[in-house]
Amino acid sequence: MKKIFGGINLTWPKLIIIAIIAGIYTAIMAMLPIAKDTSFSDLTVTFEVWIFFGIFIITNSKSAKDSALKCFIFFLISQPLVYLVQDVINHSNLFITYYRFWFGWTIACLPMGFIGYYMKKDKWWGLLILIPMLLLAGEECAGYLSKTMFSFPRHLLTTIFCLSALIVYPLAIFNNKKIRITGVAISSIIIIALTIICIINPPVYSTDILFNGEKYKFDDNYKVYLTDNKYGELSIRYESGIEDWKVHAEFKKAGKTEFILESPDGQKITFDIYIRRDTYTVEEKSN
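For clarity, every value in this text was computed on a predicted model and none was experimentally measured. (Residues numbered from 1 in each chain as written. Predicted model: local features only at pLDDT ≥ 70, side-chain atom pairs only at ≥ 80, totals over all residues. Heavy atoms only, no water.)

1. Some thoughts on the pattern of salt bridges
Side chains carrying opposite charge are able to pair once their charged atoms draw close together. The following threshold applies: The salt bridge definition used is simple: a Lys or Arg side-chain nitrogen within 4 Å of an Asp or Glu carboxyl oxygen. Secondary structure elements are defined from DSSP: runs of H or I of at least 4 residues count as helices, runs of E of at least 2 residues count as strands, and each element is numbered from the N terminus. For the exposure calls, accessible area comes from a 1.4 Å probe over protein chains only, and a residue counts as buried if that area is under 20% of its type's maximum, exposed if over 50%, partly exposed in between.
Enumeration over the complete set of coordinates arrives at seven salt bridges. One salt bridge in this structure joins Lys70 and Asp66, with 3.1 Å as the shortest N-O distance. With Lys70 and Asp66 both in helix H3 (residues 64–90) and four residues apart, this pair spans about one turn of that helix. Here the two residues Lys70 and Asp66 agree in accessibility, since each one is buried. Among the charged side chains, a salt-bridge network with shared partners connects Asp37, Arg154 and Arg276.

Below you can see the structure in the form of structure tokens.
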């Protein structure tokens, strides 16, 4: 790891090639259907891999100015490519819609790269510079640990990457033994805290899956339930906004199961339901 974080001659041609590859790869993962909602597409929406790139550039730069410029140019190339490649292939308009957000972060790379370089000085204040990056990585880790708990093994690789990065960064960046131990201790506290939070507040996908209408008629005299309650709970609620009844779901686990809508006289309608972390599909089961 010391070789990766500080032992590479990061020339400008190498930096530009890495930026182009990172941008194109991210665009492909964003478009590839098989990669959707997996660890391979996570870098299209969150920071964990881009934090790695930032630290990689900072620790392999020759000066604070070199670090600032290389961080800026890397993101100035890679981030537009993510959207431009998708625009060309899918004839979309993502660059105009979304790049404004990333451009702000790209500008911020100038001061962040400049200040970040001083982590290499192996002083206590270098650890203070690293801590915000550890906290951001920890926040991303908490999100993906929650997703993995809900739909294992999806996002497991990203969760492992985040957990590993939290430990590796202080070990790889610093040589001072006391600073390294303190950094690992801080990362360990972050990992323990986010794990406890995810266990105490397990992921729940709250949504409405069926509405009273022409096709299905029901009210609070009906019963609704999943055939396997490990996936969560269903209930019939009145929605004042539409002034009608709905089937509300509190899903706790991804997967495929069935749910039953049962009338007061015992007539049942069975549905197949496929649950994902933030979406679902419902289809009436044919008799």
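2. Brief notes about the sheet that holds strand E3 (residues 232–239)
Let me state the cut-off plainly: Only strands joined by at least two bridges in the DSSP assignment are considered to pair. Working convention: axes come from line fits to C-alpha atoms, limited for helices to the stretch in contact. Angles between N-to-C directions cover 0 to 180 degrees.
With antiparallel pairing, the three strands of this open sheet are ordered in space as E1-E4-E3. With one partner strand each, in any of the chains shown, strand E1 (205–211) and E3 form the two edges of the open sheet. Here the average twist between neighbouring strands, direction ignored, is 30 degrees. In this sheet, strand E4 (residues 244–251) lies alongside E1 in antiparallel orientation, the contact comprising six bridges. Opposite Phe211, over in E4, you have Lys246 as the bridge partner.

3. Some remarks on the packing of aromatic side chains
Let me state the cut-off plainly: Working definition: a ring pair exists when centres of Phe, Tyr or Trp rings (six-membered ring for Trp) sit within 6.5 Å. Plane angles under 30 degrees give stacked, over 60 give edge-to-face, the rest tilted. In our convention, an over-ring charge means Lys NZ or Arg CZ found within 6 Å of a ring centre and within 35 degrees of that ring's normal.
Under the counting rule described, the total for this entry stands at 23 aromatic pairs. Both rings, one in Phe53 and one in Phe74, keep their centres 5.1 Å apart while their planes meet at 45 degrees; by these two values the pair is tilted. On the criterion of sequence distance, the pair formed by Phe53 in helix H2 (residues 48–59) and Phe74 in helix H3 is long-range, its members being 21 residues apart. Here Phe53 and Phe74 have matching classes, each one buried. Ring geometry for Phe95 versus Tyr99: centroids 5.0 Å apart, planes at 15 degrees, classification stacked. With Phe95 and Tyr99 both in helix H4 (residues 94–116) and four residues apart, the pair spans about one turn of that helix. Accessibility expressed as a relative area gives 9% for Tyr99, which makes it buried. Between Arg277 and the ring centre of Phe150, over which it is positioned, the NZ or CZ distance is 4.8 Å.

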